[in-house]
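# Fold and contact review
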Amino acid sequence: MRLKQEADIRRLLQEKYNGRRTPEFNKDIIRLKKGEPLDYVIGWLPFLNCKIDLSLQPLIPRPETEYWTEKAIAVISAVGRRVKIADIFSGSGCIGIAVLKNAKNSQVDFFELDKKLIKQIKLNLQLNKIPVSRYRIIRGDATKKLKNQYDFILANPPYLATNRKAKVQASVLKYEPRQALFSGPDGLFYIKKILQLAQSRFRPKGQLWLEFDSFQRKSIEDLLKKFKYQKWNFYQDQYRRWRYVQI
Ligand SMILES: C[S@@+](CC[C@H](N)C(=O)[O-])C[C@H]1O[C@@H](n2cnc3c(N)ncnc32)[C@H](O)[C@@H]1O
């Protein structure tokens, strides 16, 4: 297994440098040996028929996010009319870009706090040849800037609990943006804010798809009752862990 992984890494790096062992190739080997995530070193990853560039070091899109985004795309595509979507907490832009690429009836507003990542989202939209007429990018706090109404709000907010930091992989803590990870002691700071806000930002029959950490399911259910939501379904991811809720 290890040998196979090493062969795959070698192949990916050879592709990046067109088979030549340049000084950059050697630098990449050193980055890997120091523990930097492979996806940053390779510089991009595939995400639902899209190429997601990671050169400005956004959160590395996770397979769990890809899993529920694919389900959301199926629902969005089936709507049968033009659909207005907000991808809040966009990071690399992977969720919204996958929707734009795979659901031709979609229009997406991206919301991201980090200035550098605004550039990253633009880069990824261009890389995937999304026409500018199909999106808007809004910089700032999503919980303040979300003013219009949407058919779908898609959210992968920071949701790690600072009091569970010891359980987070060392390379995640060392290399991935902290602002993308943590959300207060219980990880619910942003989730609470979104749930407070989302209902007033729905078009008729509007939906919120929200990713969370499996241990937060019960607290989220309590919040849904508290904020008087009508209908929701919790789902597991491909690893059988509670991962997202469709509201
Ligand atoms: C967990 S990452 C998700 C990134 C991407 N959507 C994905 O699924 O890979 C959360 C992102 O939200 C951004 N962020 C954090 N607080 C924010 C806020 N208040 N408003 C908008 N974006 C925020 C972070 O910079 C980060 O890029």
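These numbers were taken from a predicted model, which means no experiment stands behind them.

## So, the overall build of the protein chain
For the protein chain, the count of helices and strands is ten helices and nine strands. Here the protein chain has a C-alpha radius of gyration of 19 Å; the compact-globule value for 247 residues is 18 Å, and the two agree. Overall, the C-alpha framework of the protein chain stretches about 60 × 45 × 30 Å when taken along its three principal axes. Sorting the 247 residues of the protein chain into buried and exposed places 32% on the buried side.

## Digging into the domain arrangement of the protein chain
The domain boundaries assigned to the protein chain delineate domain 1 (2-34) and domain 2 (56-246). Using C-alpha coordinates to define each centre, domain 1 is positioned 32 Å away from domain 2.

## Brief notes about the sheet that holds strand β5 (residues 135-139)
Reading across the sheet, the seven strands line up as β5-β4-β3-β6-β7-β9-β8 and stay open at both edges, with mixed pairing between neighbours. Looking along the sheet, the strands with just one partner apiece sit at the ends: β5 and β8 (233-236). Taking the axes of each pair of neighbouring strands and ignoring which way they run, one obtains an average angle of 15 degrees across the sheet. For strand β7 (residues 202-211) and strand β9 (residues 242-246), the ladder comprises three bridges, and the chain directions are antiparallel. Each bridged residue has a counterpart across the sheet, and for L210 the counterpart in β9 is V245. Most of the contacts of helix α4 (residues 63-77) go to β7, to which it runs at about 160 degrees, and overall it touches β3 (83-88), β4 (106-112), β6 (150-155), β7, β8 and β9. Along the sheet, helix α9 (residues 189-198) makes contact with β6 and β7, crossing β7 at roughly 170 degrees.

## Here we look at the packing of α4 against helix α5 (residues 94-102)
Close contact between α4 and α5 brings their axes to 10 Å; oriented N to C, the two are set at 35 degrees. For the crossing formed where α4 meets α5, the hand is right-handed. Seen from α4, the contacting residues are T65, T69, I73 and I76; seen from α5, they are C94, I95, A98, V99 and N102. Taken together, the residues that form the contact of α4 with α5 break down as six nonpolar, three polar and no charged.

## A word on α9
All buried positions along α9 are accounted for by Y190, I191, I194, L195 and A198. For α9, the buried positions fall inside an angular range of 135 degrees around the axis, keeping them on one side. Buried residues along α9 sit against α7 (142-145), β6, β7 and α10 (217-226).

## Here's the deal with the environment of L210
Here L210 shows up in strand β7. For L210, a count of 25 C-beta atoms within 10 Å corresponds to the buried category. Setting aside residues no more than four positions away along its own chain, L210 makes contact with A155, I191, I194, Y244, V245 and I247.

## Overview of the pairing of β7
Moving residue by residue along a regular strand, the side chains alternate between the two faces of the sheet. Across five bridges, β6 lies against β7 in parallel orientation. By the bridge assignment, Y150 is partnered in β7 with F202.

The rules behind each value
Residues numbered from 1 in each chain as written. Predicted model: local features only at pLDDT ≥ 70, side-chain atom pairs only at ≥ 80, totals over all residues. Helix = DSSP H or I, 4+ residues; strand = E, 2+ residues; numbered from the N terminus. Rg over C-alpha atoms; globule rule 2.2 N^0.38 Å. Buried ≥ 20, exposed ≤ 12 C-beta atoms within 10 Å, placed from the backbone. Domains from an automatic or database assignment. Pairing = 2+ DSSP bridges. Axes fitted to C-alpha atoms, helices over the stretch in contact; angles between N-to-C directions. Contact = placed C-beta atoms within 7 Å. Left-handed = near helix turned anticlockwise from the far one by under 90°. Nonpolar A, V, L, I, M, F, W, Y, C, P; charged D, E, K, R; others polar. Arc of directions from axis to C-beta.

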